[in-house]
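A structural walkthrough
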Amino acid sequence: MRVTEPQRRLVLLSPLSGWSAPLDEVPDPVFAGRMLGDGLAVDPTAGTLHAPCDGEVIALPQSRHAVTLRGDGGAEILVHIGVDTVGLGGVGFEAHVSPGRRVAAGERLISFDLDLIARRAKSLLTPVVVMEGCGFSIVRRTAGREVAVGEVLMEIAPVAQADGLRGLEQSTSSERSGHAGEDRRLRVALEHGIHARPAAQIASALKGLAADVELAVQGRAANARSTVALMKLGVRQGDEVSIRAAGQDAVRAVDAVAAVLAGAHGESSASAPARQAACAARSGPSMPAPREPAAPAAGEALSGTVLSGVIASRGLAVGQAVRLAVREIEVKQAGAGVSHESQQLERARAQVRMRLEAARASAAGAAREIVEAHLELIDDPELTASSLALIRDGTSAAYAWRQAIRSSVEALRTLGDPRMAERVDDLLDLERQVLLSLSGTAAAAVQALPPQAIVLAEELLPSQLVGLDAAPPAGICLAAGGATSHVSILAAAMGIPALAAVGPALERVPDGTPLLLDADAGLLHVDPGAERLAAARRQLERRTALRAAERESARSDCYTGDGVRIEVFANVGSLADAHAAASHGAEGCGLLRTEFLFLERQTPPDEAQQHAEYQRLAAALAGKPLTIRTLDIGGDKPIPYLPMPAEENPALGLRGVRTSLWRPDLLRQQVRAILAVQPHGQCRILLPMITDVAEIRSVRAIVEEERTAIGRREPIALGVMIETPASALMADTLAAEADFFSIGTNDLTQYTLAMDRGHPELAARLDALHPAVLRLIARTTEAARVHRRGVAVCGGLASDPAAAAILIGLGVHELSAVPSVIPRLKALIRRLTLAECAGVARQALEQSSAEAVRALGLRLAASESETERV
Ligand code: PEP
Ligand code: MG
């Protein structure tokens, strides 16, 4: 038991992985009525019960369905597996301890057959109860979310202290059905009510607060941590709502929700970038196009007609109609057992989450916002809880997930609010991503498009559009959808002209029909005749020529205007990225995120599989340098094949090189796979999350042992990422041991500013151009200069044109960016001189805010884009 002196508050860890719920939900009056004591219940997803604290086993009945521990200070904790399980007479339970035995927190106590108990017991909900009269009561609890074994479930304290500490908690537990604690009524000020954005803001504002919170309107209530449940309430501006919270942070939780509802987080109909993209995409607040040509009647020939739609993304395209086929994924209703199906679902969600994390790492602006919305939904408590409930009823994971999504979709559609209906796309997208993952399909199947395709579809999901990224369509026309749906915003961000809500007439446009999409006017010209098409093509040619020139010049090496060599490399997370890098003029790969290569696997890739993948990437780069980063997992990058221990603060836990040194067997395997890549000089190794020199020494020793073992004579360069303030401040010491530096500005910014890099509310303030970050970069480049080491930047800042001059002025000589921005970056760098860069870097270091630095950087970047337009 962890004792937090001097108060002697005790932490109880979750004895099971699953869903934590209030005791009220246990279908048994003894537990729900707290006759034995207060506590929580866990709905388990795996069949092993662990000790919630250190203590002595004081009761373990013959039926092995429950266990009671006495912890330090006399706290007595009962864990009762399922409801009405005593009647099973021990069938399906195996005890690993006996009464009188001392156990440590986390130790295995009982194994049980989850499927059998799910079938034969009244409920699997497992109460974890602090026994009445033992002198302890609860001061904090974690309910209404997924928990892993070992995560904090409750905090308890001796009653005398608890009275002072918990205040609200006591009244909550005794009057939970009346939702005592904190209960506030207010009118919603938000112009568009609680749609997707404020719902996500509420869920995010509650992260880290210990309270059960619900929002109620007109007799209906929703878990305030669930974006989906909140949206389904259909709350509109002016509605009176109740915010009810129970738990230690009840007051803060209610304050946080009230602030969002009062509009304190800004106008929330769309986030700034999303709004900009949507505004850029449409002519004004009224969505319909300016002219409304009559839609042709059914059966009427469409040739020569003009269809109108809502402008989703401005622009002009000439091409041929290509209908995008979206096959419904078939799912079986019957499951193969509760434990198997819930694990399958967990694994699929983890895979999708990981893919989304990968997409977020390289996405910017509106595309990033969309990925973040999907990340919020993949962990939505209501979707997870409904799916698990269906799985317990015997369905398959795929069926359960689909049903959970579809019932939310149905509820949103019946609200009759177009804003909510547009969020349906996101839910359906998530449904598809998880189902594909469950069916073992690597990713949303990508349909190969012919050149100049104007994609016609009823609806398109964001992930399908992203899946077309390698060969994007010339234009998009959707029969349904709207200008603010995520796919429209994404199309605008990708620069693809698009119309939405064209209507059913679109279905009658045959594949291959010549089309002129004038998305500036909201019109689709169906087979408009040769003359019209030719004029439009001429219009497009000039723009295309400018782009091509830029791409062409990106093929040569990059020098500043006064002849200083700056290498422009690419960040890569897949073979497709490597090809994109080569075609966009990358001079090498400055960061291969190896954790993204084997996302679909359930088991770790062996050495041969890793080697084959690295070798393919090396070949795709045609001999150009390939910087392979060792696995950077843990923290916000879990991978399904390597479960990590639960951590309270994963961003500060086992991450990067720490994970590799925790599992040196995996590191050795990876190092051997890298060392074998031919030709030997092409690869270098990069270590993530370094904080001191001992870590480099440990890895170097492994690299050298493996090099000798395979008989490779050539040494291999070993570099470190500078992405913690510690490594930047110790750069002089590290430079003596490392062969090169690569600055990871994403993490360096997160750890310097103490702002979570994935936090939606902080996103606007999380700017790597903050002078504090730049000063750490300056310290790094100075140490590298003294020790004659190369310095690259591979974090997101390297892809930011506003930062290029500043970074070069600070002494960075390699930028590793997302492939698509490389032509623009190179064009910009060619116009800069080193003196200009040094001047702006000096000024940047003296600024007091990121905004001021950004304004300086943009001035140089803007002058470049003006000349581009000439
Ligand atoms: C970084 O932190 O800047 C970086 C490049 O690493 P990742 O984004 O993969 O954490
Ligand atoms: Mg990083």
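Just above sits the structure.
Residues numbered from 1 in each chain as written. Chains lettered and ligands numbered in written order. Predicted model: local features only at pLDDT ≥ 70, side-chain atom pairs only at ≥ 80, totals over all residues. Heavy atoms only, no water.

1. Some remarks on the overall build of the protein chain
Of the regular secondary structure elements, the protein chain holds 29 helices and 35 strands. Taking all 870 residues of the protein chain together, the buried fraction comes to 55%. Pairs at least 24 apart in sequence give 71% of the contacts found in the protein chain among residues at least 6 apart. Here the protein chain has roughly 34000 Å² of accessible surface; of this, 52% comes from carbon and sulfur atoms. (Helix = DSSP H or I, 4+ residues; strand = E, 2+ residues; numbered from the N terminus. Buried < 20%, exposed > 50% of the residue type's maximum accessible area, 1.4 Å probe, protein only. Contact = heavy atoms within 4.5 Å. Areas by Shrake-Rupley, 256 points an atom, 1.4 Å probe, with all protein chains shown as cover.)

2. What about the sheet that holds strand S19 (residues 240-246)?
The strand order S16-S19-S17-S18 describes an open sheet built from 4 strands, whose pairing is antiparallel. Looking at strand neighbours, the two that pair on one side only are strand S16 (182-187) and strand S18 (220-223), the edges of this open sheet. For this sheet, the mean inter-axis angle between neighbouring strands, taken without regard to orientation, is 25 degrees. In terms of strand pairing, strand S17 (residues 212-217) meets S19 through 5 bridges, oriented antiparallel. From the neighbouring strand, Ala216 faces S19, where its bridge partner is Ser242. (Pairing = 2+ DSSP bridges. Axes fitted to C-alpha atoms, helices over the stretch in contact; angles between N-to-C directions.)

3. Details of helix H21 (residues 693-710)
Each α-helix winds once per 3.6 residues, and so residues spaced three or four apart point in a common direction. With 18 residues, H21 should reach 26 Å at 1.5 Å per residue; the first-to-last C-alpha distance of 26 Å fits that figure. Residues of H21 that are buried sit in contact with helix H19 (657-662), helix H20 (664-675), strand S31 (683-687), strand S32 (718-722) and helix H23 (731-735). Sitting at the head of H21, Asp692 places a side-chain oxygen 3.0 Å from the backbone nitrogen of Ala694. Looking at the residues trailing H21, positive phi occurs at Gly711, about 75 degrees. (Expected span 1.5 Å × (residues − 1). Polar contact = N/O pair within 3.5 Å; in protein donor to acceptor, adjacent residues only side chain to side chain.)

4. Overview of the packing of aromatic side chains
Inspection of the entire model under this criterion finds 1 aromatic pair. When the ring of Phe93 is compared with that of Phe112, the centres are 6.4 Å apart and the planes differ by 35 degrees; the resulting orientation is tilted. Linking Phe93 in strand S9 (residues 93-95) with Phe112 in strand S11 (residues 108-112), this pair joins segments that are 19 residues apart in sequence. The exposure classification of Phe93 matches that of Phe112, with both residues buried. Its guanidinium or amino end placed over the ring of Tyr559, Arg565 lies 5.5 Å from that ring's centre, counting from NZ or CZ. Above the plane of the ring of Phe740 lies Arg684, whose end atom (NZ or CZ) is 4.3 Å from the centre. (Phe/Tyr/Trp six-rings, centres within 6.5 Å; stacked < 30°, edge-to-face > 60°. Lys NZ or Arg CZ within 6 Å of the ring centre and 35° of its normal.)

5. What to know about the state of the cysteines
Counted under the stated rule, the structure contains 0 disulfides. Distance from the sulfur of Cys683, which forms no disulfide, to the nearest cysteine sulfur (Cys589) is 9.2 Å. On the accessibility criterion, Cys683 (5% relative accessible area) is buried. (Disulfide = S-S within 2.5 Å.)

6. Topic: the coordination of the magnesium ion (ligand 2)
At this site the magnesium ion (ligand 2) is bound by Glu723 (OE) and Asp747 (OD), with donor distances of 2.0 to 2.2 Å. With Glu723 in the loop between S32 and helix H22 (725-729) and Asp747 in helix H24 (residues 745-753), the pair connects residues that are 24 residues apart, well separated along the chain. Taken individually, Glu723 and Asp747 each receive the classification buried, so the pair is uniform in this respect. (Donors = N, O, S within 2.8 Å, 3.2 Å for Na, K, Ca; no water.)

7. Notes on unusual backbone geometry
The step from Gln678 to Pro679 runs through a cis peptide bond, and the omega angle for that step is -10 degrees. Within the fold, Pro679 resides in the loop between H20 and S31. The phi dihedral of Asp527 is positive, around 45 degrees, even though this residue is not glycine. Structurally, Asp527 is set in the loop between strand S27 (523-526) and helix H16 (530-553). Positive phi outside glycine occurs at Met689, with the angle close to 60 degrees. Relative to the helices and strands, Met689 is located in the loop between S31 and H21.

8. A word on the sheet that holds S32
A barrel is described by the order of its strands in space; here 8 strands give the closed sequence S28-S29-S30-S31-S32-S33-S34-S35, paired in parallel fashion. With strand direction ignored, the average angle separating the axes of adjacent strands in the sheet is 30 degrees. In terms of strand pairing, strand S30 (residues 626-629) meets S31 through 4 bridges, oriented parallel. In the sheet register, Leu626 faces S31, and the bridge partner there is Cys683. Sitting on the sheet, H21 touches S31 and S32, and the angle it makes with S32 is about 150 degrees.

That is the geometry; function is a separate question.
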